[in-house]
Amino acid sequence: MNAPDFYEMFTLPEGVKKVAVQLDPKQPNTAIFEVQKEDHTLGNILTKRLLKDKRVLFSGYQVPHPLEHKILIRVQTTDEVSPIEAVRDSISALLVELSNIRSKFEFDLARAKAEQEAMGTTEGAGPGAEHRHIYPKDSGADPTLDVNVDVDF
Amino acid sequence: MPYDRDHVVLEPEQVTNVSSHEYPHHFPNEDPSGFGLEGFKKKLNIKVWRVSRDTMEFDLVGVDASLANAVRRILIAEVPTMAIRYVYVLNNTGIIQDEVLAHRLGLIPILAEPEMFNFKTADESPTDLNTIVFQMQVKCTRRPNDTVAADETDPDKLYVNSSVYSNALTWDPKGDQATRFADNPIRPVIDDILIAKLRPGQEINCELHCEKGIGADHAKWSPVATASYRLLPHIDIKQEITGDLADKFQKCFPPGVVEVVTEHGVKKAKVANHRKDTVSREVLRHKEFEGMVELKRVRDHFLFNIESTGIIPPPTLFVRAIRVLMNKCAVVKQAVEAIAPKDEDMQE
């Protein structure tokens with residue numbers, strides 16, 4: 001009845017800015033970014049990426065309230081750069097890193113699939129089909145590749 | 001003891017050295033350029049160990065925990081799928097109440113490519129581009145008396161449709177859906193998911209509407225059964241473990257982790273495969289191994305395990321998760337760039 005609409009979690013209402021900046025009047029080169037409709041997923045990677053920038057003195061984030069779908073990111077920089085530029089640079093770097101991860105993953109996936117084909121195993125045929133591993137047990141193949149992780153996670 | 005920057009250390013009562021210090025100015029005389037893209041590329045390594053129709057295992061090496069965790073969170077909650085959102089019950093005389101039935105139906109994974117559909121916004125009405133319709137009409141009846149034994153008690157043999165499975169859902173193509181999905185008709189991923197049980201005379205008749213959604217809204221839209229990672233275990237033998245102690249040492253670990261080799265007639269414990277260790281810390285309970293071994297985990301080596309519900313193959317899931325994350329970054333980047341010029345004035 002009074003439950004919040006589900007889309008409030010990830011839809012930006014009309015007229016609301018995705019990111020708003022407030023400069024900290026008490027501290028030089030410090031800004032607090034209010035990012036709407038984001039959570040730990042973005043807050044954590046962004047603050048951690050900012051810390052890798054040597055011009056950044058402080059970066060941290062908080063989720064002010066679990067029912068308000070926004071995060072606050074606080075960034076303090078040296079006078080070489082403004083906090084806004086630092087965030088922009090970090091997020092650009094993140095984008096490049098992510099596309100790197102994607103291409104590296106796709107490259108290794110192709111390798112794994114080729115190896116799987118070479119060993120004559122195919123992917124599961126249909127629903128309920130038994131999982132077939134790229135590196136089947138007791139295959140006699142390269143033992144360094146044969147890591148049947150039958151360990152409980 | 002020198003500071004170990006690559007490992008998390010597992011002690012009997014606590015885990016230490018947990019946080020990463022891979023930031024500029026944390027270690028003397030370190031080149032800060034290593035934190036840029038080149039440094040990232042050098043460290044990054046991905047190895048796919050095993051792929052099947054609905055599971056995948058791979059190593060993600062050289063990234064910060066925040067990134068691995070973001071990918072995991074997105075896999076669970078933000079990669080979209082199609083799931084039954086509305087159940088219009090026309091008739092339900094079975095023992096399963098309408099709302100429970102609707103909940104059970106919602107959780108059935110629907111094999112439909114989510115990218116072929118749009119999200120339905122609150123003010124939109126259903127169209128063939130945002131909704132999939134299923135019909136479910138089942139009625140339980142008695143089998144004729146001459147076909148069953150007089151003392152038969154098995155409901156499956158006594159009645160027709162005593163159990164309703166997910167194959168009772170029949171897709172009702174709307175608009176051009178029948179041609180768009182001709183080569184891969186929309187259906188439940190698995191045919192034998194038990195939905196309800198009926199007895200003679202009872203029936204269920206309903207229309208089901210599937211919509212696109214994400215796991216953050218409801219778990220029925222989550223494309224994964226599990227998506228998890230653990231850190232690569234590392235067993236550091238500080239001091240040679242020989243003789244009968246080696247056998248005891250081996251028994252402290254799951255099979256295949258430690259092997260006992262004989263060198264010059266002396267038995268010696270050696271680590272054969274760190275990866276198989278469950279890090280039970282059993283070895284730390286025995287006084288005789290004190291100071292001889294240290295249990296660690298490699299801080300930036302993530303062993304990822306993705307188990308799909310069967311809608312999207314796991315490799316595609318990972319790529320989509322990365323894409324969702326990149327979209328998030330792109331949106332925020334755009335928003336930050338839009339305010340950048342104003343910043344100059346505010347600096348005054």
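All residue numbers refer to position in the chain's written sequence, counted from 1. Going through the entries in the order they are written, you letter the chains from A and number the ligands from 1. It should be noted that, the model being predicted, local features are given only for residues of pLDDT at least 70 and side-chain atom pairs only at 80 or more, the latter also being counted only at that level, while totals for whole chains, interfaces and linings use all residues.

Undergrad: Lay out the overall build of chain A in plain terms, naming residues and giving numbers.
TA: For chain A, the helix and strand inventory stands at two helices and four strands. Under the scheme used here, helices are H or I runs from DSSP no shorter than 4 residues and strands are E runs no shorter than 2 residues, and both carry numbers assigned from the N terminus. Traced from its N-terminal end to its C-terminal end, chain A shows the element sequence β-β-α-β-β-α. Working definition of burial: number of other C-beta atoms within 10 Å of the residue's own, with buried at 20 or more, exposed at 12 or fewer, and partly exposed in between, all C-beta atoms being placed from the backbone. Going through the 153 residues of chain A one by one, you find that 29% of them count as buried. We call two residues in contact whenever the C-beta atoms placed from their backbones are within 7 Å. For chain A, the proportion of contacts with a sequence separation of at least 24, taken over those separated by at least 6, is 45%.

Undergrad: Would you mind going over the overall build of chain B in detail, with residue names and values included?
TA: Tallying secondary structure elements over chain B gives seven helices and 18 strands in all. Oriented by its inertia axes, the alpha-carbon framework of chain B measures out at about 80 × 75 × 35 Å. Going through the 348 residues of chain B one by one, you find that 34% of them count as buried.

Undergrad: So what's going on with the sheet that holds strand β3 (residues 56–62) of chain A? Which residues, and what values?
TA: Residue and element names in this part refer to chain A. Reading across the sheet, the four strands line up as β1-β2-β4-β3 and stay open at both edges, with antiparallel pairing between neighbours. Each edge of the open sheet is held by one strand with a lone partner, namely β1 (19–23) and β3. Between one strand and the next, the sheet's axes are offset by a mean angle of 20°, whatever the strand orientation. Note on pairing: DSSP must find at least two bridges between two strands before they are called paired. As paired elements, β1 and strand β2 (residues 30–36) share five bridges and run antiparallel to each other. Bridge assignment links Ala20 to a residue of β2, and that residue is Glu34. Here an axis means a line fitted to C-alpha atoms, over the contact stretch when the element is a helix, while the angle between two N-to-C directions is reported on a 0 to 180 degree scale. Where helix α1 (residues 40–51) meets the sheet, its contacts fall on β3 and β4 (70–77), and the angle it forms with β3 comes to roughly 170°. Packing of helix α2 (residues 83–118) onto the sheet brings it into contact with β1, β2, β3 and β4, and relative to β4 it is tilted by some 110°.

Undergrad: Residues and numbers for the pairing of strand β17 (residues 266–271) of chain B, please.
TA: Residues and elements named next belong to chain B. In this structure, strand β16 (residues 258–263) lies alongside β17, joined through six bridges in antiparallel fashion. The residue of β17 that forms the bridge with Val261 is Lys268. Here β16 hands over to β17 after two residues, with His264 in that stretch at a positive phi of 50°.

Undergrad: Run through the domain arrangement of chain B, naming residues and quoting values.
TA: Residues and elements named next belong to chain B. Domain boundaries in chain B define domain 1 (1–79 + 223–237 + 291–338) and domain 2 (81–222). The distance between the C-alpha centroids of domain 1 and domain 2 comes to 38 Å. Each side of the interface is counted separately: domain 1 has eight residues, and domain 2 has nine residues. Throughout, the ten residues Ala, Val, Leu, Ile, Met, Phe, Trp, Tyr, Cys and Pro are labelled nonpolar, Asp, Glu, Lys and Arg are labelled charged, and all others, Gly among them, are labelled polar. Here the side of domain 1 that touches domain 2 is composed, by residue class, of five nonpolar, two polar and one charged. Note: domain ranges come from an automatic or database domain assignment.

Undergrad: Describe the UniProt feature "domain: DNA-directed RNA polymerase RpoA/D/Rpb3-type" (unreviewed entry) in chain B, and please don't skip the residues or the numbers.
TA: UniProt positions are given in the numbering used here, feature names are shortened, and annotations may be inferred rather than shown by experiment. UniProt feature "domain: DNA-directed RNA polymerase RpoA/D/Rpb3-type" (unreviewed entry): in the numbering of this structure it lies at residues 55–335 of chain B. Taken as a whole, residues 55–335 of chain B contains 21% helix and 35% strand, while its terminal C-alpha atoms sit 37 Å from one another.

Undergrad: A description of the confidence of the model for chain A should follow, citing residues and the corresponding values.
TA: Confidence scores per residue from the predictor, reported as pLDDT, run from 0 to 100. The pLDDT averaged across chain A works out to 81; a share of 78% of its residues lies at or above 70. The low-confidence segment residues 123–153 of chain A, where pLDDT is below 50, has 52 contacts with residues more than four positions distant or belonging to other chains.

Undergrad: With reference to specific residues and values, describe helix α2 (residues 65–77) of chain B.
TA: Given a helix with a known number of residues, its expected span is that number minus one, times 1.5 Å. Between its first and last C-alpha atoms α2(B) spans 18 Å; for 13 residues at 1.5 Å apiece the expected length is 18 Å, and the two agree. Within α2(B), the full set of buried residues consists of Ser66(B), Leu67(B), Ala70(B), Val71(B), Arg72(B), Arg73(B), Ile74(B), Leu75(B) and Ala77(B).

Undergrad: Describe in detail the UniProt feature "domain: DNA-directed RNA polymerase RBP11-like dimerisation" (unreviewed entry) in chain A, supporting the description with residues and values.
TA: Feature annotation in UniProt assigns "domain: DNA-directed RNA polymerase RBP11-like dimerisation" (unreviewed entry) to the following positions: residues 31–103 of chain A. Segment residues 31–103 of chain A splits into 45% helix and 29% strand. End C-alpha atoms: 34 Å apart.

Undergrad: Quick rundown of the sheet that holds strand β11 (residues 170–171) of chain B? Include the residues and the values.
TA: Residues and elements named next belong to chain B. One open sheet holds the four strands; their spatial order is β5-β14-β7-β11, and the pairing between them is antiparallel. At either end of the open sheet lies a strand with only one pairing partner, and these are β5 (81–92) and β11. Taken together, the 10 bridges between β5 and strand β14 (residues 203–213) define a ladder with antiparallel strand orientation. Residue Ala83 lies in a different strand from β14, and its bridge partner there is Glu211. In the packing of helix α3 (residues 98–106) onto the sheet, contacts are made with β5 and β14, and the angle to β5 comes to roughly 150°.

Undergrad: Give a detailed account of the nonpolar core, specifying residues and quantitative values.
TA: Core analysis: the largest hydrophobic core is formed by 86 residues, its most contacted members being Ile74(B), Leu75(B), Ile110(B), Leu208(B), Ala321(B) and Leu325(B). Here this core gets 10 residues from one element, more than from any other, and that element is α2(A). Contact partners of Leu75(B), with chain neighbours within four places excluded, come to Val224(B), Ala227(B), Ile306(B), Leu317(B) and Ala321(B). By convention the nonpolar core is taken to be a set of buried residues drawn from Ala, Val, Leu, Ile, Met, Phe, Trp, Tyr and Cys and joined through C-beta atoms within 7 Å. Grouped together as the second largest cluster of nonpolar side chains are 11 residues, Ile235(B), Ala269(B), Val283(B) and Leu295(B) included.

Undergrad: Break down the pairing of strand β7 (residues 131–139) of chain B for me, citing the residues and quoting the values.
TA: As paired elements, β7(B) and β14(B) share nine bridges and run antiparallel to each other. Residue Phe134(B) lies in a different strand from β14(B), and its bridge partner there is Leu208(B).

Undergrad: Before we move on, could you go through the interface of chain A and chain B and cite the residues and values that matter?
TA: Counting residues at the interface gives 58 residues for chain A and 60 residues for chain B. Elements represented by at least two residues in the side of chain A that touches chain B include exactly β1, α1 and α2 of chain A. Per element, the largest residue contribution to the side of chain A that touches chain B is 22 residues, and it comes from α2(A). Partitioned by chemical class, the residues of the side of chain A that touches chain B number 31 nonpolar, 10 polar and 17 charged.

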